[in-house]
Every structure is written in C-alpha cells, then in structure tokens.
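A look at the structure
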Amino acid sequence: MTVIVRNATYESDLLRPLIFGMMDAMGGDKIGGKSRVLIKPNLLSPALPRQAVVTHPSVVRAVVEYCNQRGIRPLVADSPAMGSFDLVLRVSGIRNALRGLDCECRPFESSVRVDIGEPFGAIEIAEDAVRADVIVNLAKLKTHSQMFLTLAVKNLFGCVVGYRKPEWHMRAGIDRQAFARLIARIGRTLRPAFNILDGVLAMEGQGPGMRGVPREMGVILAGCDPFAVDQVVCRMLDLDPEQVPVLKAAREMGFPAPEAQIDGSLPEIRDFHLPRATSLIFGPKFLHGFIRRRALQRPVCNPVICRICGECWKICPAGAITPGQKPLRFDYDRCIRCYCCIEVCPFGALDIAETLVGRIFRGTPPQ
Ligand code: SF4
Ligand code: SF4
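A brief report on the enclosed structure follows. It should be emphasised that the depicted structure is a prediction, and the values quoted were computed from it without experimental measurement.

Concerning the overall build of the protein chain
- Of regular secondary structure, the protein chain possesses 14 helices and 16 strands.
- Here the C-alpha radius of gyration of the protein chain, 20 Å, is about what a compact globule of 367 residues would show, namely 21 Å.
- Its C-alpha atoms give the protein chain principal-axis dimensions of about 60 × 40 × 40 Å.
- When each of the 367 residues of the protein chain is scored for burial, the buried share is 49%.
- Excluding contacts between residues fewer than 6 apart, the proportion of contacts in the protein chain whose partners are at least 24 apart in sequence is 76%.

Quick look at the site of ligand 1
- Every one of the 13 residues lining ligand 1 counts as a neighbour, but Cys 306, Cys 309, Glu 311, Cys 312 and Cys 345 are closest to it.
- Of the residues that constitute the shell around ligand 1, the class distribution is 10 nonpolar, 1 polar and 2 charged.

So, the sheet that holds strand 10 (residues 194-205)
- A sheet is described by the order of its strands in space; here 8 strands give the open sequence 4-3-2-7-10-11-1-12, paired in mixed fashion. The open sheet is flanked by strand 4 (104-105) and strand 12 (261-263), the only strands paired with a single partner.
- Relative to strand 4, strand 3 (residues 75-76) is paired through 2 bridges, and the arrangement is parallel. The partner of Val 76 across the bridge, within strand 4, is Cys 105.
- Relative to the sheet, helix 9 (residues 226-237) contacts strand 1 (2-7), strand 7 (134-140), strand 10, strand 11 (212-223) and strand 12, its axis offset from that of strand 11 by approximately 130°.

Considerations on the site of ligand 2
- Close to ligand 2 lie 13 residues, the nearest being Cys 316, Ala 318, Cys 335, Cys 338 and Cys 341.
- Per-class residue counts for the shell around ligand 2 are 12 nonpolar, no polar and 1 charged.

Looking at unusual backbone geometry
- Here the amide bond leading from Glu 118 into Pro 119 is cis, since omega sits at 0°, within 30 degrees of zero.
- Topologically, Pro 119 is positioned in the loop between strand 5 (111-115) and strand 6 (122-126).
- A cis amide bond links Lys 326 with the next residue in sequence, Pro 327, at an omega value of -5°.
- Phi is positive for Arg 191, close to 40°, though the residue is something other than glycine.
- Turning to its location among the elements, Arg 191 is positioned in the loop between helix 8 (176-190) and strand 10.
- Despite not being glycine, Tyr 339 has its phi angle at roughly 65°, a positive value.
- Position of Tyr 339 among the secondary structure elements: in the loop between strand 15 (329-330) and helix 13 (340-344).
- The class of Tyr 339 is buried, set by 26 C-beta atoms lying within 10 Å.

Conventions and cut-offs
Residues numbered from 1 in each chain as written. Chains lettered and ligands numbered in written order. Predicted model: local features only at pLDDT ≥ 70, side-chain atom pairs only at ≥ 80, totals over all residues. Helix = DSSP H or I, 4+ residues; strand = E, 2+ residues; numbered from the N terminus. Rg over C-alpha atoms; globule rule 2.2 N^0.38 Å. Buried ≥ 20, exposed ≤ 12 C-beta atoms within 10 Å, placed from the backbone. Contact = placed C-beta atoms within 7 Å. Near = placed C-beta within 6 Å. Nonpolar A, V, L, I, M, F, W, Y, C, P; charged D, E, K, R; others polar. Pairing = 2+ DSSP bridges. Axes fitted to C-alpha atoms, helices over the stretch in contact; angles between N-to-C directions.

Structural data, given as structure tokens:
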C-alpha cells in the first residue's frame with residue numbers, strides 16, 4: 001500500500017499535473033468506458049476557500065478535469081451539514097471553478113440500505129455512493145472537536161444523507177467509540193478507489209467548522225486506502241493513531257491498514273494544534289451518571305458573537321438547545337456532546353468548555 005505525499009499549492013497550473021499524476025498512480029484507468037464516477041468533496045457548510053472548511057475548489061476542478069480527459073462526466077455530490085448544496089458550491093468558489101467543465105453537481109438525495117456489518121447491520125447510505133463504480137474521495141485535513149481529526153475516512157460519513165447524520169450522532173449517544181466504529185464501517189463498505197486529502201491549507205484548533213484555524217501546510221496526500229492515508233497523516237503530525245477514534249475503531253474491528261510505503265517526502269509537523277476535546281466518559285463506573293451530567297465538557301455560546309440564526313438548534317439531535325433565546329440556553333442533561341452545533345455555527349459563536357467538576361476530575365488547568 002503506497003501513500004503519495006506531495007508539496008503543493010492551489011495554483012492551478014501546478015496543481016493539475018500533480019493531481020493527474022496522483023490519479024494515474026492510484027489506477028486512473030478505472031475511470032473510463034461507462035463507469036459512474038462520484039467525486040465526494042468535503043462540503044460541510046458555506047465557507048470561503050481561505051477558511052479551510054471545505055475541499056479547495058482547485059482540487060475539485062483538477063479531478064473533474066482528469067475525469068473529462070478520460071471521457072467521463074462525473075457526479076460531484078455531498079450532503080452539507082449546513083446550508084443548501086448550491087449555497088455551499090457558490091460560497092466555496094467550487095461553482096465558479098467548475099465552469100466550462102463537463103460534470104453534474106447536486107446533493108445526495110435518495111438513500112439505500114446497505115449492510116455495513118456488526119453491530120450496525122443495514123443502514124441508509126446515499127444511493128449515488130452505493131451505485132457508483134468509482135468513488136473519488138476528496139477530503140480536507142481538519143481537526144474535529146468530537147473525532148479529533150477529520151481526514152479521508154471521516155469524509156465518507158458525508159455519504160449519510162442530510163437529516164440522517166444527526167440521527168446517527170444521537171444513536172451513538174455520548175459513546176465516541178461507537179460513532180467511530182460507525183464511520184470506520186462506512187469507510188470499509190464504500191472503499192473509495194481514490195482518496196485525496198487536501199492539506200495545502202489545513203485546519204487546526206477547534207475544527208471542523210468556523211471555530212477552527214486555517215493552517216498552511218502545503219501538502220496533499222493520496223492513496224487507494226483511506227485508512228492508510230489517515231495513518232500517514234498521524235505519522236506526519238507525530239500522533240499515535242490510537243488517539244484518533246476512527247483509526248482505533250478500525251484496528252479493534254480487525255481491519256488495520258497495512259503499513260504504508262510513502263512515495264514522496266513526508267513533512268514532520270510537530271506543532272499542530274489539536275482540539276481540546278477529551279474523552280467523554282472517565283473515572284470509576286459508579287460515577288458515570290454524575291460525570292455525564294456535571295463533569296463532561298459542554299458546548300457554550302459566546303452571546304456577543306451569536307446572531308440567533310437557528311442553525312444550532314435545527315441540527316441538535318437531542319433537542320438540547322432552546323430555540324430563539326438570547327443568550328442561548330442548553331439543556332446539558334439532554335445534550336449528548338456530539339458537537340454538531342459547533343460544527344454548523346456559521347459565526348464561530350460556540351466553543352467547548354470544561355466544567356469546574358471536570359477540571360477537578362481531570363486535573364486540567366482553568367481555561
Ligand atoms: S450559536 Fe451560532 S448557530 Fe447557534 S444561533 Fe448563535 S450564531 Fe446561530
Ligand atoms: S447541544 Fe450541541 S453538542 Fe449537545 S446534543 Fe445538541 S448539537 Fe450536540
């Protein structure tokens with residue numbers, strides 16, 4: 001298993017040959033004939049390219065150009081967590097970037113049931129992803145308050161259509177590893193043939209939404225196995241893959257990526273700012289009920305920034321945010337700490353805060 005690593009910028013004339021070379025190396029001849037090709041970028045929410053929330057338009061363009069050159073009209077699709085698909089395409093600059101190219105752009109709509117394996121069984125996944133002959137997974141290198149990092153495997157959770165996403169957050173409850181297992185199973189089931197991770201302008205801090213901080217890293221990674229790509233990111237950031245819940249879950253379920261050979265020179269990044277989220281449940285078992293209520297980190301709102309736009313309470317799977325109240329009111333007994341609200345807040349008004357009891361338990365300093 002080889003993971004290709006290249007220094008890169010978004011300059012189209014430089015990026016195009018680089019992406020073409022990566023696609024060739026991953027088996028570009030799979031794209032041709034009558035193959036149905038799905039390009040799945042990270043289109044989380046309407047955000048500008050410089051905010052590093054979505055896959056950069058130049059990366060999406062280069063892959064569409066590659067497909068066109070091979071005589072294929074690909075489908076570019078995703079299921080944004082916030083905002084309409086059209087709005088995300090427009091604000092991100094992807095709509096403009098794809099002008100003049102032959103492709104179809106639309107959101108995932110219908111789902112089909114697919115057995116992803118134990119303990120989940122059959123779950124609903126976007127029909128376009130399930131029926132595609134070839135998936136090109138165009139992920140963004142970002143931090144993630146709940147899952148630590150969102151990389152190639154996590155990007156495939158976007159193939160769960162719109163309103164089903166928070167439903168899964170709810171079902172996984174506050175068990176982060178259960179949610180990680182779900183994501184790993186989806187990645188294993190969809191098996192994209194092409195995985196490209198956009199880390200030219202990555203995101204650190206409290207990602208994956210507007211609270212994250214863009215970070216120039218100037219790197220793109222690619223490989224046929226999304227788990228291997230994610231493992232190599234851990235090497236690049238000097239992280240134990242066990243710290244990334246999705247990779248830990250994959251190993252526990254017995255499908256670890258083989259040790260990847262690296263084609264290229266892997267940067268050594270030792271000062272990447274990871275999100276503050278700590279393990280959800282800790283301490284002795286008999287205290288777990290108390291810990292859930294009083295000691296878990298929790299979402300908090302900065303009322304000066306909040307504009308009462310409603311995105312957070314619309315997505316909250318637990319109904320834990322009272323609509324229309326300023327300052328925003330959370331019901332922390334209901335809140336499952338999925339952090340969907342932080343992910344979708346368009347103004348970066350939400351953050352994770354430690355409780356006093358949590359600080360005492362964990363021995364963390366005041367924020
Ligand atoms: S916290 Fe963010 S998403 Fe929620 S109402 Fe305020 S501005 Fe909107
Ligand atoms: S308040 Fe935020 S973190 Fe809590 S359940 Fe709702 S969306 Fe998830």
